[in-house]
Amino acid sequence: MFEVYDRSLTKLAVLHNAFDRVETLKLNSVNMLSFSLPADDPKTAYCQPFHFIRDDTGQYYRILSDGIETSDTGKTVYTCEHCIATLVDDIMFK
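Described in the following lines is the structure provided in the data block. Computed from a predicted model, the values in this text were never measured in an experiment.

Quick word on the packing of aromatic side chains
Working definition: an aromatic ring pair is given by the centre-to-centre distance plus the angle between the planes. For the structure on display, the rule yields 3 aromatic pairs. With centroids separated by 5.2 Å and ring planes inclined at 25°, the aromatic side chains of F35 and Y78 adopt a geometry described as stacked. Of the two residues, F35 sits in strand β4 (residues 32–38) while Y78 sits in strand β7 (residues 75–82), which places them 43 residues apart along the sequence. Overall, F35 belongs to the buried group, its relative accessible area being 0%. Among the aromatic residues, those joined into a ring-pair cluster are F2, F35 and Y78.

Given below as structure tokens:
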């Protein structure tokens, strides 16, 4: 089961219909996560780029801006990177 959070970590939804969970763990690299949702699931509206996903292990992942793919088979595949990657984001302050 996955939970979706916005950029300020406010909980938006619980993804009960998520399936095909694949977590890629590499030594000295940023962990990746991919999962699928049915394309007609109303909670796909909450899965926007840069929103956070919390998996059942408690780890946080961020949906990549180019990590959303809708296939002809009726599912949407999301690719996420571990939240540790936010430490290298470019941030500009006014």
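A look at the pattern of salt bridges
Under the counting rule described, the total for this entry stands at 6 salt bridges. The shortest N-O distance in the salt bridge between E3 and K11 comes to 3.3 Å. Exposure remark for E3: the relative accessible area of 13% places this residue in the buried category. Between E81 and R62 there is a salt bridge; the shortest N-O distance is 2.7 Å. With E81 in strand β7 and R62 in strand β6 (residues 60–70), this pair connects stretches of sequence that are 19 residues apart. Look at E81 and you get buried, because its relative accessible area is 15%. Salt bridges linked by common partners bring E3, K11 and R54 together as one network.

Definitions and cut-offs
Residues numbered from 1 in each chain as written. Predicted model: local features only at pLDDT ≥ 70, side-chain atom pairs only at ≥ 80, totals over all residues. Heavy atoms only, no water. Phe/Tyr/Trp six-rings, centres within 6.5 Å; stacked < 30°, edge-to-face > 60°. Helix = DSSP H or I, 4+ residues; strand = E, 2+ residues; numbered from the N terminus. Buried < 20%, exposed > 50% of the residue type's maximum accessible area, 1.4 Å probe, protein only. Salt bridge = Lys/Arg side-chain N within 4 Å of Asp/Glu carboxyl O.

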